[in-house]
Amino acid sequence: MLTDVQGVLLGHRSLGDTGVSVVVVPDGAVAAVDVRGGGPGTRETDLLEPHNTVQQVHAVCLSGGSAFGLATADGVMKALEERGIGFPVIRDIRVPIVPAAVIFDLLVGDATHRPTAEDGYAAVQDAFAGPSTSSGSVGAGCGATAGVLRGGFGQASLKVGEYTIAAGVVANPVGAVVDKDTGRFWGAPELAVDKARFAALKGLETKLNTTIGVIVTDAPVTKAQAKRLAMTGHDGLARAVRPAHSPLDGDTLFTLSTGSGEGVSLENMIALSTASADVVCAAIIDAVVHATSGYGLECYQGLRGDQ
C-alpha cells in the first residue's frame, strides 16, 4: 500500500462514475515525473524537472473528468493551505505545490458529471482521516476502463533492503490487460478470464484513455534519481498493458521521495528501479482485479476463469 511508506497519506473522493485520489506528503517530498503517453492531461509537471528550482511537492492529485478534472487540484491546494502546508514564499505565505494528472472517463456514466475543486478538498480531508487500503472502483478509478474491462485504482508495495517503494495507479488504458488468445493477464499469468465471455465484450466507442499514477519511496533519492524511478516505472506499465503509451493514452507517472539525504548508491538505484516497475505492474493488476461491474462495464470478478 502507498501508506506503507512513512510520511505518505492517501485519500479518495468517489462519485460513482468518476472521482479523485490524492497522495499527500505533509512534510514535502522530492518529486519527478515521466510522461510517455501521446495525450496527457497534466498540471505543474515542468517544475518537477531536475534543473528547475522547486525541489519538493506536497501532494499529487489524480482525477477523472478529463481536462475538466484538473480543477480538483485547486481544492487540494486550499485544503493544504488551511493546514499550513506549502512552500514558504515570504512572511507567513505558503503555496502548496500540487502536480496533477487526469484520465478520460467521460463516456462512463454521465459525461457532464465531473470532479470539482470541492471534491479535491474532500479527498484531502479523507487522507487525513486515516490510512486508505481501498482498491478497485474508488477515487479516480471509479470511471476507469482497462480495454474492455472496468479499470480502477490499485496499490502495491515492496521492501528493497532498508527501503520501501510503493505505487498507486489509476488503470485506464486504451490497451488490454488480458491476452485475448490465452485469457490470462499480461502482467499476472496466474490470473485468467473465461475466454469466450471475454471475447464477446465490446469496449467504449472511443479510445481516449490514460493510465496515471504515483510511485512513492522512503529512499533518499535525488530529484534526478526520482526521475529515473518514474521512467523505469513505465516498464511495469508496459508489462501489464498492451499496447502501452499509445498516441491516445496520456500515460503519466510521478515519483515522490520522503527520504532525507543526498541520494542512494548505484546498487540501490538498480534495485529500486527494478522494484518501481514491479510495483506499477502489480498496482495495475490490483486495480483491475478489485474493480466492480457497473455503468455497462464488466469486471474481472464476473469473468474469472480457471486459475
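Rules of the game
- Residues numbered from 1 in each chain as written.
- Predicted model: local features only at pLDDT ≥ 70, side-chain atom pairs only at ≥ 80, totals over all residues.
- Heavy atoms only, no water.
- Helix = DSSP H or I, 4+ residues; strand = E, 2+ residues; numbered from the N terminus.
- Rg over C-alpha atoms; globule rule 2.2 N^0.38 Å.
- Contact = heavy atoms within 4.5 Å.
- Areas by Shrake-Rupley, 256 points an atom, 1.4 Å probe, with all protein chains shown as cover.
- Phe/Tyr/Trp six-rings, centres within 6.5 Å; stacked < 30°, edge-to-face > 60°.
- Buried < 20%, exposed > 50% of the residue type's maximum accessible area, 1.4 Å probe, protein only.
- Expected span 1.5 Å × (residues − 1).
- Axes fitted to C-alpha atoms, helices over the stretch in contact; angles between N-to-C directions.
- Parallel < 35°, antiparallel > 145°, perpendicular 65-115°, else oblique.
- Left-handed = near helix turned anticlockwise from the far one by under 90°.
- Nonpolar A, V, L, I, M, F, W, Y, C, P; charged D, E, K, R; others polar.
- Lys, Arg positive; Asp, Glu negative; His and termini not counted.
- Salt bridge = Lys/Arg side-chain N within 4 Å of Asp/Glu carboxyl O.
- Polar contact = N/O pair within 3.5 Å; in protein donor to acceptor, adjacent residues only side chain to side chain.

**Q** Which residues make up the overall build of the protein, and what are the values?
**A** For the protein, the helix and strand inventory stands at five helices and 15 strands. At 18 Å, the protein has a C-alpha radius of gyration in line with the 19 Å of a compact globule built from 307 residues. Based on the C-alpha atoms only, the size of the protein along its principal axes is roughly 65 × 45 × 35 Å. Long-range pairs, those at least 24 residues apart, make up 80% of the contacts in the protein between residues at least 6 apart in sequence. Of the roughly 12000 Å² of accessible surface on the protein, a fraction of 51% belongs to carbon and sulfur atoms.

**Q** Please set out the packing of aromatic side chains residue by residue, giving values where relevant.
**A** Following the criterion strictly, the structure yields one aromatic pair and no others. Between Phe185 and Tyr300, the ring centres sit 5.3 Å apart and the planes meet at 85°, which makes this aromatic pair edge-to-face. Placement of the pair is Phe185 in strand S13 (residues 184-185) and Tyr300 in the segment after helix H5 (266-289), with a sequence separation of 115 residues. A relative accessible area of 1% places Phe185 in the buried class.

**Q** Tell me what's going on with helix H4 (residues 223-240), and back it up with residues and numbers.
**A** A rise of 1.5 Å per residue sets the reference length of H4, with its 18 residues, at 26 Å; its end C-alpha atoms lie 26 Å apart and thus fit the reference within 8%. Buried residues along H4 sit in contact with strand S2 (19-35), strand S14 (212-217), strand S15 (252-257) and H5.

**Q** Mind laying out the packing of helix H1 (residues 72-82) against helix H2 (residues 117-129), listing which residues take part and the relevant values?
**A** Between two packed helices, the angle of one axis relative to the other and the distance separating the axes together describe the packing. Between H1 and H2, the shortest axis-to-axis distance is 6 Å and the interhelical angle comes to 45°. By the angle between their directions, the pair H1 and H2 is classed as oblique. With respect to the hand of their crossing, H1 and H2 are arranged in right-handed fashion. Seen from H1, the contacting residues are Thr72, Asp74, Gly75, Val76, Lys78, Ala79, Leu80 and Glu82; seen from H2, they are Ala117, Gly120, Tyr121, Val124, Gln125 and Phe128. Here the residues of the contact of H1 with H2 are counted per class, giving seven nonpolar, four polar and three charged.

**Q** Before we move on, can you summarise the side chain of Asp286 with the specific residues and values?
**A** Mapped onto the elements, Asp286 comes out in helix H5. Buried Asp286, no salt bridge; nearest opposite-charge side chain is Arg304, N-O distance 12 Å. A polar atom in the side chain of Asp286 sits 2.5 Å from the side chain of Ser135. Among the polar contacts made by the side chain of Asp286, one reaches the main-chain amide nitrogen of Gln155 at a distance of 2.9 Å. Not counting the four nearest positions on each side in its chain, Asp286 is found in contact with Ser135, Gly154 and Gln155.

Scope: geometric values only; no functional claims are made or implied.
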